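Structural description and commentary
The lines below spell out each chain.
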Amino acid sequence: MNVTRERAAAVLAGNWLGASTVPSRALYPHQWSWDSAFIALGLRHLSPGHARRELLTLFEAQWPDGRVPHIVFDPQTPPEAYFPGPSFWRAGRTSGLVQPPVHARAVLAVHEAEPDHAFLAALYPKLVAWHDHLRTGRDAGGRGLVAIVHPWESGMDNSPAWDQPLSRVPLATGFVRRDLAHGDPGDRPSDDDYGRYVRLAAAYRDSGYRDFGDFVVEDPGFNALLADAELALAEIAEELGLPSGAHREAAARVEKALQETLWEDGFFFARDVHTGSLIREHTCAGLLPLMLPDLAVAPALLTTATGPRFRLGRVHGVPSYDLTAPGFDPARYWRGPSWSNVGWLVRQGLLHHGEFALAAQLRDDLVETAAQTGFAEYADPLTGAGHGARSFSWTAALTVDLLSEGK
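A few points on the structure. Residue positions within a chain follow its written sequence, with the count starting from 1. A pLDDT threshold of at least 70 governs which residues receive local features in this predicted model, and a stricter bar of 80 or more applies before side-chain atom pairs are shown or counted, although totals over entire chains, interfaces and linings include all residues. Hydrogens and waters are ignored; side-chain quantities use all the structure's heavy atoms.

What about the side chain of Ser36?
Only DSSP runs of H or I covering at least 4 residues are called helices, and only runs of E covering at least 2 are called strands; the numbering of each starts at the N terminus. Within the secondary structure, Ser36 is located in helix H2 (residues 33–46). The buried category is assigned to Ser36, whose relative accessible area is 0%. The residues contacting Ser36, other than those within four sequence positions of it, are Gln31, Glu54, Leu55 and Leu58. Note on exposure labels: buried denotes an accessible area under 20% of the residue type's maximum, exposed denotes more than 50%, and partly exposed covers the range between, all computed with a 1.4 Å probe on protein chains only. By the convention used here, residues are in contact when the closest approach between their heavy atoms is within 4.5 Å.

Observations regarding helix H13 (residues 356–372)
In a regular helix each residue adds 1.5 Å, so 17 residues correspond to 24 Å; H13 covers 24 Å between its end C-alpha atoms and thus fits that length. Within the sequence span of H13, burial applies to Leu358, Ala359, Leu362, Asp365, Leu366, Val367, Thr369, Ala370 and Ala371. Taken together, the buried residues of H13 touch helix H1 (3–15), helix H11 (298–306), helix H12 (340–352), strand S9 (378–379) and helix H14 (393–403). Phi turns positive one or two residues past the end of H13, at Gly374, with a value near 70°. Each helix should span, by expectation, one fewer than its residue count multiplied by 1.5 Å.

Some points on the sheet that holds strand S4 (residues 217–218)
Note: two strands are recorded as paired if DSSP finds a minimum of 2 bridges between them. Within the open sheet, the four strands sit side by side as S3-S4-S7-S8. Their pairing is antiparallel. Strands with a single pairing partner mark the edges of an open sheet, and in this sheet they are strand S3 (147–148) and strand S8 (277–279). Relative to S8, strand S7 (residues 270–272) runs antiparallel, the two being bridged by three bridges. In the strand pairing of S8, Ala270 is matched with Ile279.

Examining the pattern of salt bridges
Every case where a carboxyl oxygen of Asp or Glu lies within 4 Å of a side-chain nitrogen of Lys or Arg is listed as a salt bridge. The full count for this structure, using the stated rule, is 24 salt bridges. A salt bridge links Glu60 to Arg53; its shortest N-O distance comes to 2.5 Å. Classification of Arg53 as partly exposed rests on a relative accessible area of 29%. Among the charged side chains, a network of salt bridges with common partners joins Arg52, Glu114 and Asp116.

Considering unusual backbone geometry
Residue Phe83 is joined to Pro84 through a cis peptide bond whose omega torsion reads 0°. On the secondary structure map, Pro84 appears in the loop between strand S2 (71–72) and helix H4 (86–89). Phi is positive for Arg311, which is not a glycine, with a value near 50°. Along the chain, the position of Arg311 falls in the loop between H11 and H12. A relative accessible area of 30% places Arg311 in the partly exposed class. Of note, the phi angle at Phe375 is positive, near 60°, even though the residue is not glycine. Its place among the elements puts Phe375 in the loop between H13 and S9. Relative accessible area serves as the criterion here: at 2%, Phe375 is assigned to the buried category.

Some words on the packing of H2 against helix H3 (residues 48–60)
When two helices pack together, their arrangement is given by the angle between the helix axes and the distance between those axes. For helices, the axis comes from a line fit to the C-alpha atoms of the stretch in contact; other axes are also lines fit to C-alpha atoms, and the angle between any two N-to-C directions lies between 0 and 180 degrees. Where H2 contacts H3, the two axes come as close as 7 Å, and the packing angle between them is 165°. Put simply, H2 runs roughly antiparallel to H3. Remark: the crossing between H2 and H3 carries left-handed chirality. Where H2 approaches H3, its residues Ser33, Ser36, Ala37, Ile39, Ala40, Leu43, Arg44 and Leu46 are matched on the opposing element by Pro48, His50, Ala51, Glu54, Leu55 and Leu58. When residue character is reported, Ala, Val, Leu, Ile, Met, Phe, Trp, Tyr, Cys and Pro are called nonpolar, Asp, Glu, Lys and Arg charged, and the others, Gly included, polar. The residue inventory of the contact of H2 with H3, partitioned by class, reads nine nonpolar, three polar and two charged. Roughly parallel means an angle under 35 degrees; roughly antiparallel means over 145; roughly perpendicular covers 65 to 115; every other angle is labelled oblique. Handedness of a crossing follows from how the near helix is turned relative to the far one, being left-handed for an anticlockwise turn of less than a right angle and right-handed for a clockwise one.

So, in structure tokens, the structure goes:
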């Protein structure tokens, strides 16, 4: 076995709790929604049974309304290990927010690694309910796009795209951050940002997890991943001998709405539903529509991706924020660093649109950076230096996946 693959496998083994995987033993000691999907992509090459268990465990915590919570709390972990913990959310063993719907793609990939129609049959209706929840409960703008109600739902918590809508949110006080005990403050969100995150989460909780509050944003990354997930769900339906047309139509509707609503000047921007205005910050979320194989504006988006704002192919990974922006920070959470999951997703988009040489270059860089940084949570796109947690599960899992190609 390749040495890097062995080291990555050891990270995943070390972070396995018995039914799911923590992203990081210290900083993130529970199960996170989209982390588990990326983790399953790697686990499928090492132990398809563990990969299936990872996803089944997550969906066992699905709410009756179809939402898949962004955190499933481990009852064996001390409550003080993470804030905000289960007592904050008042939702039993989960949080009340969501994360991007990458799960159908992971379920399909796990099945392809070791076909298991019972696994598909168990998760297909749960995936349908999950997507239905997003489409019916989150179309706040009335344009066929899902709105997120908290930055944490984007998965890109501290993105500069959230600064403007977050400015409407008052600061919470009287809480103790646990993340700074395990991470460099220079790598983490500021105290003011965190105070707004907590206030916003508390307001959503107090509404019974129903109301649209001060932060309502249509995120191009979240919606592109939903469209891709519908395409994956179509393939799952076909594997089960079920009709797939409705899933493909749903994907096409989201793709059309993305281009009609969020596309401008060669890029996909987030949109503040309260003001109706695009948030003109170039973040990596605006590159994720490359995941859609029929994207009409892909050539223009590729031009932006390889241009000075992201310099794809000339830096390490995919910068999370515009390299030319005054606020670019190569170390701070989602304000510049490159993340392996974004690199993995963008690479899929490059393959869809025939950019094979650039995709190969990105693959090699992602693997090398992961190995050299001890599978860091994220990395400086200019130097490749690691930041955040080390032995981070999705970094390790996606390294295994990239190294397993063609095997």
